[in-house]
Amino acid sequence: MVKKDLSITFMGVKFPNPFCLSSSPVGNCYDMCAKAYREGWGGVVFKTIGPKHYLIDEVSPRFDALTKEAEPFVGFKNMEQIAEHSLEENLADLRRLKKEFPNQVLIASIMGSNEEDWEVLAKLVTEAGADMIELNFSCPQMTSHAMGSDVGSNPELCKKYCAAVRRSTKLPFMAKMTPNITDMCVPAIASIEGGADGIAAINTIKSIINVDLDKKVGLPIINGKSSISGYSGKAVKPVALRFIQQMKTHPQLKDVEISGIGGIETWEDAAEFILLGCKNLQVTTGIMQYGYRIVEDMKNGLMHYMDEQGVDKLEDLVGLANKNIIPAEELDRDYKVYPEINNDKCVGCGRCVISCYDGAHQAMEWDKENRRPTCNKDKCVGCLLCGLVCPVGAIKPGERVLKPGRKAKNLSKMVLQESVEKL
Amino acid sequence: MSEKYREEYEVGFSPRLVMEEASRCLLCLDAPCSSSCPAGTDPAKFIRSLRFKNVKGAAETVRINNILGAICARVCPTERYCQAGCSRSGIDKPIEIGLIQRYITDFEDALKMDIVEVKEPNGKKVAVIGSGPAGLTAAAKLAEDGYQVTIYEKEAKAGGYLRYGIPEYRLPNQIVDKEIKRIVEMGVDIVLNTKVGEDIKIEELRKEYDAVIIAVGYSEGKMLPMFENNRKVIKAVDWLKKCKDKKGNVKVPENVLVVGGGDVAMDVVTSLKLLGCPHVTDVVYEQFSEFKASKKELENAQEQGVTIIDGYVPVAVARGGIVKFKHRVIPAELKVKADLIILAVGQSPNVENLGVELEKGEINAKGVRVPDTNVFFAGDIGHGEKTVVWGVRSGKEVAFEVKRFLGGKK
Ligand SMILES: Cc1cc2nc3c(=O)[nH]c(=O)nc-3n(C[C@H](O)[C@H](O)[C@H](O)COP(=O)(O)OP(=O)(O)OC[C@H]3O[C@@H](n4cnc5c(N)ncnc54)[C@H](O)[C@@H]3O)c2cc1C
Ligand SMILES: Cc1cc2nc3c(=O)[nH]c(=O)nc-3n(C[C@H](O)[C@H](O)[C@H](O)COP(=O)(O)O)c2cc1C
Ligand code: SF4
Ligand code: SF4
Ligand code: SF4
C-alpha cells in the first residue's frame, strides 16, 4: 500500500490534502460538507453566501450536459446563483462544521453588491469560524450586475472589494476569478493590490451548450426560454490550465498562491494543476456526476505519482511544468518528426489516411491490397494528426529529421512525447 | 498438439478495451457486484479506480481483499457471483468483472508491485494442512499480522486443485506459481511431500503450534461400483492431474467416453479436445435444463466439438469397455464403446487420521473450529460452496477466527 503525505500549506493554512469541494451545491449545507470531510476531502469551500438583502430565486430545471458519442458528460451547464439557504442557517452550518471537523479546512465563499456587504459578510464568516475566505467575483449568471462575473472583469471593483474585506478580517482570503475575460492577470493583480492573499481560478465559462431543435430554444428550457450561463466540467480544464499558467508566469503574480478549479476528476487532472503551480484544488462537476467518493482515487493516485516521481512532499511538484511552457515564437522549429506505423497493431481502418488527406497533407497513402497505410515522406509535414485519430495507437512519433538549411543539432537528444495516443 | 492446452483460452483486455469495459460500469450506489463477491474483493471499487485512471490503486484493492486475485480473475464462475446482479444487465449485459480483475492483476505483475505489508512477528505459530486456495489464503492473512505460519502439503507442489485440477488453458501454473511466491515472500513456510496423519501426526502439530487449520479439500475423485478395478477407467481428477503435471504431454486415445456433467467433466472433455482427441463423448446424468456446469464451460466444450448426451445413467459395463446407459425418464438405451473411460462424478474428502468427523462431506462442527480444541477448518471441507473464491472467503474467515482465538486466550 502506497502511503505519502499529501498535506500542503496554502495561504498559511495547512490542508491534510489539497482536495476541496469548490463553492457550489456540493457544499450547500452541514450534512453535505460533513459527508465530504468524512470521505476524505481536505477542505470545503462552502456554497457562496450573499448579503441578507439579495433574495435568491432559482429556476427549474437548472442544468444541462454536453455529450459526445457515448460520453454522457463532456461539459456541464448550470443556471444556479448563490446559496439558497438563509444567512443565519449558513453561518450556523459553518460554526458546526468547524467545531466538529477542526482538522479539515473550512473556507467561506462570500459575495456582496457593495463595499458594506463585503465588509459585513467577511466579518460574519470570520466570527463563524472559517479558516479562510474566498471572494466570489465570478458567477456568470447573477441577476444583478453589481455582483458576479461583472465584478471579476472590472479590476477597480476587484481591488475595492478586496480592500473592503481586508479591513474587516485578518483571515487569509483569495479572489475567485472569472474566465470570461481576455487577460485574467489584470483583475488578479488588482485583487492582490487590494489585499487578497491568493487567487482561485476558474469559475464557469459563459455558454450556450445545446439548442432544442423543435422548440428552438437553448437548454435547459425554463418555461420556453433559456439564458447564457456557466459551463464547467472536463471540457473547461484546458481553459483553466491556461489562465493559471499565465498568472503563475506573470512577474507580478508568480509568487501568488493559486487554488486551481475546472474539470478535475482524476489524480491526473489534479497533478496537471499542481505542475502548473496550484497548491490547492477544487472540484464541483466531477462530484455532481460521480459523488464525493472520487476523492479516494484522486488521493491514492496522487500518492502513487509522488512515489513514481520520488518526492515525499507534494510541495516539491508544484509549478514544475511552468518553465516548459514558453511563447510560441521561442519553440524549436528546426525539425520534423515522421509518423512510425506499427503494422502489427494496425487493424486496417484507414482513419489516418482519411484524416491526413482531408485534414493534413495527403501524405498517408493506402495500400489497397493489404489495407495498410504508408507515409509518403515527401509530402508528410510531421503534424501527427494521423497518430491522434488512430483507434489502436499504432502510430507514434518516429524518425526525426532536420528541416533543410537548418543548423545541425543532435536530433536524438530532443525531448518528444512517446506517444500521441489518447488512451 | 499440446500447445492449445497450454495457451490461455480467454484473451485478456488491452488498456483501451479495459477502459471501454470500465466505462460501461454504472458506478452503482450499493453495488450488487461487490456484495455478491464471496471473497469481498470489492469489484465496484477496483473498477471505479481503473475508470478514474488509478490502476495501481485498483491493484491494491484487489490484492488486499483477495490474496489470490489473479487466480480468481481467471477461474471464478462470475455469472453466479459478482456478475449475477450487475445493474448493467438492465441495459445489455453484465460488466466483464473477471476479465477486468485479470487486467489489473496482470498490470500489478508487470510493474512488480509489492502491495501487502507484513507486520512484525508476534511470536505465535500456526500450522495449516493443505495448500489449496483456503489454506493459502488463511496462511497469508495470518502472516500479514505477524503469525509464523507453516503449511503442510502432501503433494510435491503447492496449490491444491489450482495446481493439479484446473487445466492449464484456464489457469496456467505460471500464474499459480506467482501467487504462491508472493505468499512465501510474506514469510509463509511450505513443507511439501508431507501427509499429515501419515508422515506426521496431527497431535504433534496441535502441541507444537498454537493453532492448526485443516484445509485438505476434496482430494479424491469418486468411483462408481460398476467401474471399480476396470483398467480402462480413470477418475477425472487423476487424469487432469496427470495432464497438468506433464504440461499436456500425455497420450490421448482416439475415442474417449466421459461420464459426468459438472465443471470437472467440462474440463476433462475440453482438455481432451485441445490435446487432439478426435472422438469425445460425454454422457451426463442431468438433462440440459438442470445442467450443473457453468454456461461458459459448457459453451467452450461444445465449441470444441464434444458430443454431449444428456439425461442418461450408466447401468452396466461389459468387457472391452462397452458401457450401457439408460435414460432417466424416457424408455431409451445407449451403448458406448471407448478406449478410455473417464469418471467425473464428483470428488470427496479424505480426513483419515486427522481426528475429525465428517457429515455430508463437511466437518461436523458449526463455524470454523472443532469445539474445545485448537483445531480449525476451511475450504471445501468447511461449510459453503465448493469454489476457489469460497476457499478464499473461508481462508479469510478462519484466519480472523484464529486471531480472535489466539488473541483472546492471552
Ligand atoms: C477439475 C476442477 C476444476 C475446478 N474448477 C474450478 C473453477 O473453475 N472455479 C472454481 O471456483 N472452482 C473450481 N474447482 C473447485 C475448486 O478447485 C475447489 O473448490 C478448491 O480448490 C477448494 O479449495 P481447498 O483449499 O479447500 O482444497 P484443495 O484445492 O482441494 O486443496 C487441498 C490441499 O490439501 C492437500 N491435502 C489433502 N490431504 C492432506 C493431508 N492429509 N496432509 C497434507 N496435505 C493434504 C491436497 O494435496 C491439496 O493440495 C474445480 C475443481 C476441480 C477438481
Ligand atoms: C451548479 C453549480 C453551481 C455553482 N455555484 C457556485 C457558487 O455558488 N459560487 C462559486 O464561487 N462558484 C460556483 N460554481 C462554480 C464552481 O465552483 C467551479 O468554479 C466551476 O464549476 C468549475 O469547476 P468544475 O469543473 O470542477 O465544476 C458553481 C458551479 C456549478 C456547476
Ligand atoms: S504526420 Fe501529418 S502529414 Fe504526416 S502522415 Fe501523419 S497526418 Fe499526414
Ligand atoms: S474474486 Fe471472483 S467473484 Fe469476486 S469479484 Fe473477482 S471475479 Fe468476481
Ligand atoms: S453492479 Fe455492474 S454496473 Fe454496478 S458497479 Fe458493479 S460492475 Fe458496475
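Please read all numbers here as calculations on a predicted model, not as lab measurements.

We now examine the overall build of chain A. In terms of helices and strands, chain A carries 12 helices and 20 strands. In terms of its C-alpha atoms, chain A occupies a principal-axis envelope of roughly 75 × 55 × 45 Å. Relative to its full complement of 423 residues, chain A shows a buried share of 54%. Of the contacts formed within chain A by residues at least 6 apart in sequence, a portion of 71% connects residues at least 24 apart. On chain A, roughly 19,500 Å² of surface is accessible, and the fraction owed to carbon and sulfur atoms is 51%. Put simply, chain A has 52 plus and 55 minus side-chain charges, and the middle of one group is 3 Å from the middle of the other.

Moving on, we come to the environment of Ser232 of chain A. All names here are of chain A. Within the secondary structure layout, Ser232 lies in strand β14 (residues 229-232). Ser232 sits 30 residues away from Ile202 along the chain, and the two C-alpha atoms are 9.2 Å apart. Discounting residues that sit within four places of it in the chain, Ser232 has contacts with Gly75, Phe76, Thr204 and Thr285. At a separation of 2.7 Å, a polar atom in the side chain of Ser232 contacts the side chain of Thr285.

Now for the packing of aromatic side chains. For the structure on display, the rule yields 13 aromatic pairs over all chains. Considering the side-chain rings of Phe73 of chain A and Phe76 of chain A, the 5.5 Å spacing of their centres and the 15° angle between planes classify their relative orientation as stacked. An aromatic cluster is built from Phe63, Phe73 and Phe76 of chain A, whose rings are joined through pairwise contacts. A cation over an aromatic ring shows up here: Arg242 of chain A above the ring of Phe243 of chain A, its NZ or CZ 3.9 Å from the ring centre. Between Arg393 of chain B and the ring centre of Trp390 of chain B, over which it is positioned, the NZ or CZ distance is 4.3 Å.

The next point concerns the site of ligand 2. Residue and element names in this part refer to chain A. Ligand 2 sits among 25 residues. The nearest are Ser23, Thr48, Lys176, Gly263 and Thr285. Here an oxygen atom of ligand 2 and a backbone polar atom of Gly233 are 2.8 Å apart. Here an oxygen atom of ligand 2 sits 2.5 Å away from a polar atom, N or O, in the side chain of Thr285. For the shell around ligand 2, the secondary-structure elements that each account for two or more residues are β6 (71-78) and α9 (285-290). Partitioning the shell around ligand 2 into residue classes produces 7 nonpolar, 15 polar and 3 charged.

The next thing to look at is the confidence of the model for chain B. Of all residues in chain B, 99% have pLDDT values of 70 or greater, and the mean over the chain is 96. For this predicted complex, the interface confidence reaches an ipTM of 0.94, while the overall pTM sits at 0.95.

Right, let's talk about the domain arrangement of chain A for a bit. Partitioning chain A into structural domains gives domain 1 (8-324) and domain 2 (332-413). Placing a centre on the C-alpha atoms of domain 1 of chain A and another on those of domain 2 of chain A gives a separation of 42 Å.

All names here are of chain A. Taking strand neighbours across the sheet as the criterion, the 4 strands line up as β5-β6-β14-β11 in an open arrangement whose pairing is antiparallel. Strands at the two margins of the open sheet, each flanked by one partner only, are β5 (63-68) and β11 (205-207). Averaged over all neighbouring strand pairs, the angle between strand axes comes to 45°, with direction disregarded.

Right, let's get into the packing of helix α3 (residues 115-128) of chain A against helix α5 (residues 155-168) of chain A. Residue and element names in this part refer to chain A. At a minimum axis distance of 8 Å, the contact between α3 and α5 shows a crossing angle of 40°. Put simply, α3 runs oblique to α5. Along this stretch, α3 crosses α5, giving a crossing that reads as right-handed. The segment α3 lies against α5, with Glu115, Trp118, Glu119, Ala122 and Lys123 engaging Lys160, Tyr161, Ala164, Val165, Arg167 and Ser168. By residue class, the composition of the contact of α3 with α5 is 5 nonpolar, 1 polar and 5 charged.

Turning our attention to the domain arrangement of chain B. All names here are of chain B. We note that the domain assignment places domain 1 (10-110), domain 2 (125-219 + 349-406) and domain 3 (221-346) within chain B. For domain 2 versus domain 3, the distance between C-alpha centres works out to 30 Å. Contact with domain 2, which involves 14 residues of that partner, is made by 12 residues of domain 3. Taking both partners together, domain 2 and domain 3 bury about 1,000 Å²; carbon and sulfur atoms supply 51% of that area. Of all residues in domain 2, Tyr164, Tyr169 and Arg170 bury the most surface against domain 3, accounting for 54% of the area lost on that side. Between the two partners, domain 2 and domain 3, sit 3 salt bridges. We note a salt bridge from Arg170 to Glu297, for which the minimum N-O separation is 3.8 Å. In this structure, the connection of domain 2 to domain 3 is made through 7 residue pairs in polar contact (both at pLDDT 80 or more). No other element matches helix α9 (residues 161-164), which puts 4 residues into the side of domain 2 that touches domain 3. By residue class, the composition of the side of domain 2 that touches domain 3 is 7 nonpolar, 3 polar and 4 charged.

What follows is about the interface of chain A and chain B. Chain A puts 22 residues into the contact, and the matching count from chain B is 20 residues. Counting across the chain A and chain B interface gives 5 salt bridges. A salt bridge links Glu296 of chain A to Lys45 of chain B; the nearest nitrogen and oxygen atoms lie 3.0 Å apart. The interface formed by chain A and chain B holds 13 residue pairs in polar contact (both at pLDDT 80 or more) in total. For the side of chain A that touches chain B, the elements supplying multiple residues, two or more each, are α8 (267-275) and α10 (294-309) of chain A. When residues in the side of chain A that touches chain B are grouped by element, the largest group, 7 residues, is from α10 of chain A. Grouping the amino acids of the side of chain A that touches chain B by side-chain chemistry returns 9 nonpolar, 5 polar and 8 charged.

How each quantity is defined
Residues numbered from 1 in each chain as written. Chains lettered and ligands numbered in written order. Predicted model: local features only at pLDDT ≥ 70, side-chain atom pairs only at ≥ 80, totals over all residues. Heavy atoms only, no water. Helix = DSSP H or I, 4+ residues; strand = E, 2+ residues; numbered from the N terminus. Buried < 20%, exposed > 50% of the residue type's maximum accessible area, 1.4 Å probe, protein only. Contact = heavy atoms within 4.5 Å. Areas by Shrake-Rupley, 256 points an atom, 1.4 Å probe, with all protein chains shown as cover. Lys, Arg positive; Asp, Glu negative; His and termini not counted. Charge placed at Lys NZ, Arg CZ, Asp CG, Glu CD. Polar contact = N/O pair within 3.5 Å; in protein donor to acceptor, adjacent residues only side chain to side chain. Phe/Tyr/Trp six-rings, centres within 6.5 Å; stacked < 30°, edge-to-face > 60°. Lys NZ or Arg CZ within 6 Å of the ring centre and 35° of its normal. Near = heavy atom within 4 Å. Nonpolar A, V, L, I, M, F, W, Y, C, P; charged D, E, K, R; others polar. pLDDT = per-residue confidence, 0-100. Domains from an automatic or database assignment. Pairing = 2+ DSSP bridges. Axes fitted to C-alpha atoms, helices over the stretch in contact; angles between N-to-C directions. Parallel < 35°, antiparallel > 145°, perpendicular 65-115°, else oblique. Left-handed = near helix turned anticlockwise from the far one by under 90°. Buried area = accessible area lost by both parts, 1.4 Å probe. Salt bridge = Lys/Arg side-chain N within 4 Å of Asp/Glu carboxyl O.

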